[in-house]
Amino acid sequence: MALTLMVLCSFVFLGKAGKQLPKKQTYIIHMDKSQMPTDFTDHMEWYGSSLRLVSDAADVLYSYDTVLHGFSTRLSPEESRSLEQLPGILSVTPEVKYELHTTRSPEFLGLEGDNSSSPQAVFPASGSGSEVIVGVLDTGVWPELKSFDDSGLGPIPSRWKGACEEGNNFNSNSCNRKLVGARYFSKGYEAAMGPINESMESKSPRDDDGHGTHTSTTAAGSPVSGASLFGFASGKARGMAPQARVAAYKVCWLGGCFGSDILAAMDKAVVDGVDVISMSIGGEVADYFRDTVSIGAFTAMSNGILVSCSAGNAGPSSESIGNVAPWITTVGAGTLDREFPAYVTLGNGKKYMGVSLYGGKSISNTSLPLVFAGNVSGSLSGDLCMTGSLTPSKVAGKIVVCDRGGNSRAQKGVVVRNAGGLGMILANTEYYGEELVADAHILPSAALGKKAADAVKRYASSDRNPTATIASGGTHLEVQPSPVVAAFSSRGPNSLNPQVLKPDLIAPGVNILAGWTEAAGPTGLDSDKRRVSFNIISGTSMSCPHVSGLAALLKASHPEWSPAAIKSALMTTSYTTYKDGDTIEDVATGNPSTPFDYGAGHVDPMAANDPGLVYDTTVEDYLGFLCALNYTAGLIKRATNRDFTCSGKKYRVEDLNYPSFAVPFETASSRTGGAGSTSMVKYTRTLTNVGSPGTYKASISSGTPTVKISVEPGMLSFGGMNEKKSYTVMFVASSMPSGTISFAHLEWSDGKHKVRSPIAFSWT
């Protein structure tokens, strides 16, 4: 029998000549629709015919007709190369796997109040507010939540062309006037990973993970009173745009999010009629013509749709930023003025504050033996509390100190509990520093910053009978300083195009309360059988939908604004300092943060509603930007799905009409001139008046004497709405060592409005 099985397996993996069959993968094929031969009357017939020329067995997974023209399919490398040689083929690109980047927010952002300047008096509560539709590409939706209650909403906007797709555990009645659409996209995932195991996740728009429900309710959830997680963060939970409609596009599954599915969802979202696309998804930085999200976002933008994406959770490393296309709004993460303290008291009387969302039986009145995981493990990585690493006889009845890293924070608690431990102290190492992220642990726990964690470990290793207690401190509000830049939030400079500053801005992304699935516990672990309607989690995945919802508010308030105008308003009104004038802190270092951390600053929606002036970047501006990157007509077609040929004029990246400035210089050693020489570069921008007539004066605040900055003209007068005026900024820099960075800000003000842009300098 064993021999028979071996022979069968060999047959599966070997060809007729005994050679291994070439491995197939999914490719996205971009076609030039204008080159369809006249023999074909339908482009789908042409796609199929082209595919059959290289493979008799391949099937079309998706056809795309909006964000690009083409299809996706499974091919061997040889077949892909053959297909690429056929007429009408613009590109054959391997599919990319993307990953998810994973209340108090309205009050913190100034969106709750009852005075004359409250958001109720500024942003529409009905009418145009309920006409805006936010499309969320994520893990799906849990439609039964109160956050999707449609009470008080009028009919679904007549322009809406979406659908409520049926599937496992989901039917057409799952949608309503709030959740106006729900679709799922799994063909690419199943082609790469095999059939979906429907005993583990629903082959439908239903969210079995929780991430998609959390992001969609953050963006546009209906108000729900009495919301909390185990009593933490109790109060009214609501999305940023509670009157907006939600459309869910499930593109992420247990094994990840695949490019062919994402592209198909963006294709549908544009046709369906969304106004904002929110994507808390990211992958490796790639050229614009190879980046699935960038390609889809360009067409969405050109159709009047703002695309908001998460910056990534790879901070605090520099050049870790993702989703860097200038037509995408890239969002980093900051904190709220709220925390969930937990207190560790040692047997020597010392007390340390950490954080935790444990909501079960307390051990605050019980002093328990304390041990360091590295001393009670038979594993080399025992200090990390990996699965099976702890020795039960040395752990039972004790509090265990586990180092952070290696596995999920909540998983460490499961390991401790399974070994008989009664509590856990999660200890930050050098890599994590003082950053604290609260989790809904399954046993009494406290996460400590590195300084406190080191003190606890020293005590546990030096005292003959170390003991400790862990106590919850509930919810603390008005914590200062706030916001601070989250350590995990990905940072600039932009590794693809250093002249484009990313992230664009930051928004709340730490310990965010929002809706959750009933298919998973708050930790997301299989062993967590608790069920909640709201959960508190962190990541740029959480900051992205904040901005998506705020963009929906601005779209409702100013339906004539383009995606670029909305983005500009959010950026130029963001703040970078606290009320005392100090710069927003970077929790990773404890030092002032920089535009490479926060972009234009922390979002301020009330100010964004009346920005005075905007940088209204056009489709033609973006095309000119690609020309400046020396893109050929073919590459532009691949990146934008548009026919465009760069003219004979000189294109400059520095002339992209962007609301921020990134100015890279070369060091003296990499150019002629030698030490003491200077570099000069000119940037051009155009401002559009979206407020009352007035005269704006430019001012520069600079933290570097090594760069001289001049603005010409220094004053701009606007007489009417939508009037445009251009200006140039000249930067003259002294040579500095490679790796040097410095910063400045440019502000245009008429006495009422402050239109502020960050400037980031770097020398390489």
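Residues numbered from 1 in each chain as written. Predicted model: local features only at pLDDT ≥ 70, side-chain atom pairs only at ≥ 80, totals over all residues. Heavy atoms only, no water.

For the protein, the name recorded in an unreviewed UniProt entry is Subtilisin-like protease SBT1.7, with Punica granatum as its organism. Turning to the protein, the UniProt record has this under Subcellular location (unreviewed entry): "Secreted". Taken from UniProt, the Sequence similarities (unreviewed entry) comment for the protein reads in full: "Belongs to the peptidase S8 family." (UniProt positions renumbered as here; feature names shortened; annotations may be inferred.)

### Structural notes on the environment of valine 371
With respect to the helices, strands and loops of the structure, valine 371 is situated in strand β20 (residues 368-372). In sequence terms valine 371 and tyrosine 459 are 88 residues apart; their C-alpha atoms lie 9.7 Å from each other. (Helix = DSSP H or I, 4+ residues; strand = E, 2+ residues; numbered from the N terminus.)

### Quick look at the pairing of strand β9 (residues 232-237)
Pairing of strand β8 (residues 224-229) with β9, which is carried by three bridges, proceeds in the antiparallel orientation. Each residue of the ladder has a partner; that of alanine 227, found in β9, is glycine 235. The turn joining β8 and β9, which pair antiparallel and follow one another in sequence, is formed by two residues; a positive phi near 55° is taken by phenylalanine 230. (Pairing = 2+ DSSP bridges.)

### Quick word on empty space enclosed by the protein
By volume, the largest cavity amounts to about 110 Å³. Lining the largest cavity are 14 residues; nearest its centre among them are Ile28, Thr93, Phe289, Thr292 and Ile295. Listing elements by their share of the lining of the largest cavity, those giving two or more residues are β1 (25-31), β4 (89-94) and α9 (292-302). Per element, the largest residue contribution to the lining of the largest cavity is three residues, and it comes from β4. Here the residues of the lining of the largest cavity are counted per class, giving seven nonpolar, four polar and three charged. Split by domain, the residues of the lining of the largest cavity number at least three in each of domain 1 (25-94) and domain 2 (105-113 + 121-337 + 483-598). (1 Å grid on protein atoms, 1.4 Å probe; cavity = no way out; pocket = protein on both sides within 12 Å on 5 of 7 lines; lining within 4 Å. Points joined across faces, edges and corners; volume = space filled by probe spheres on them. Nonpolar A, V, L, I, M, F, W, Y, C, P; charged D, E, K, R; others polar. Domains from an automatic or database assignment.)

### Description of the state of the cysteines
The final tally for this structure, using the stated rule, is four disulfides. A sulfur-sulfur separation of 2.0 Å characterises the disulfide bridge that pairs cysteine 385 with cysteine 402. Across the S-S bond of cysteine 385 and cysteine 402 the torsion is about -80°, and the bridge reads as left-handed. Here cysteine 402 lies in strand β21 (residues 399-403) and cysteine 385 lies in the loop between β20 and α10 (392-395), a separation of 17 residues in the sequence. The exposure class of cysteine 402 is buried, given its relative accessible area of 0%. Once the bonded cysteines of the protein are numbered in order along the sequence, the disulfide links fall as 1-2, 3-4, 5-6, 7-8. The thiol of cysteine 309 is unpaired, and the distance to the nearest cysteine sulfur, on cysteine 544, comes to 6.0 Å. (Disulfide = S-S within 2.5 Å. Buried < 20%, exposed > 50% of the residue type's maximum accessible area, 1.4 Å probe, protein only.)

### A look at helix α2 (residues 43-52)
Looking at α2, one finds that the buried residues are His43, Trp46, Tyr47, Gly48, Ser50 and Leu51. Buried residues belonging to α2 abut β1, β2 (60-65), β3 (69-75) and α3 (77-84). The N-cap of α2, judged by a side-chain oxygen 2.9 Å from the amide nitrogen of methionine 44 a few residues on, is aspartate 42. (Contact = heavy atoms within 4.5 Å. Polar contact = N/O pair within 3.5 Å; in protein donor to acceptor, adjacent residues only side chain to side chain.)

### A word on the confidence of the model for the protein
Detailed reading of the predicted model is not advised wherever pLDDT is low. Residue-level pLDDT values for the protein average 92, and 92% of them are 70 or greater. Confidence drops under a pLDDT of 50 for residues 1-19, and excluding neighbours within four residues, the segment shows eight contacts in the predicted structure. (pLDDT = per-residue confidence, 0-100.)

### Considering the layout of surface pockets
Here the second largest pocket is characterised by a volume of approximately 540 Å³. What lines the second largest pocket is a set of 25 residues, among which Glu339, Glu434, Leu436, Val484 and Val587 lie closest to the centre. Contributions of two or more residues to the lining of the second largest pocket are made by β17 (338-339) and β19 (351-355). In terms of residues, the lining of the second largest pocket owes the most to one element, β19, which gives three residues. In terms of residue class, the lining of the second largest pocket is made up of 14 nonpolar, six polar and five charged. Looking at which domains feed residues into the lining of the second largest pocket, each of domain 2 (105-113 + 121-337 + 483-598) and domain 3 (343-462) supplies at least three.

### Some thoughts on the packing of helix α7 (residues 211-220) against helix α13 (residues 540-557)
Running from N to C, α7 and α13 point in directions that differ by 35°, and their axes come no closer than 7 Å. Between α7 and α13 lies a crossing of right-handed hand. The residues of α13 that touch α7, namely those facing His211, His214, Thr215, Thr218 and Ala219, are Ser541, Met542, Pro545, His546 and Gly549. (Axes fitted to C-alpha atoms, helices over the stretch in contact; angles between N-to-C directions. Left-handed = near helix turned anticlockwise from the far one by under 90°.)

### What about the environment of asparagine 657?
As for its position among the elements, asparagine 657 is in the loop between α18 (633-640) and β33 (661-665). Exposure remark for asparagine 657: the relative accessible area of 6% places this residue in the buried category. The sequence separation of asparagine 657 and valine 324 amounts to 333 residues, and the corresponding C-alpha distance is 16 Å. Among residues more than four places away in sequence, those in contact with asparagine 657 are Tyr615, Asp616, Thr617, Asp621, Arg685 and Thr686. A polar side-chain atom of asparagine 657 sits 2.7 Å from the main-chain amide nitrogen of threonine 686.

### Some points on the sheet that holds β33
In space, the five strands of this open sheet follow the order β33-β40-β39-β35-β37, with mixed pairing throughout. Looking at which strands have only one partner, the edges of the open sheet turn out to be β33 and β37 (715-718). Taken over all neighbouring pairs, the strand axes of this sheet differ in orientation by 20° on average, direction set aside. Where β33 meets strand β40 (residues 754-763), five bridges bridge the pair, whose relative direction is parallel. Each bridged residue has a counterpart across the sheet, and for alanine 662 the counterpart in β40 is alanine 760.

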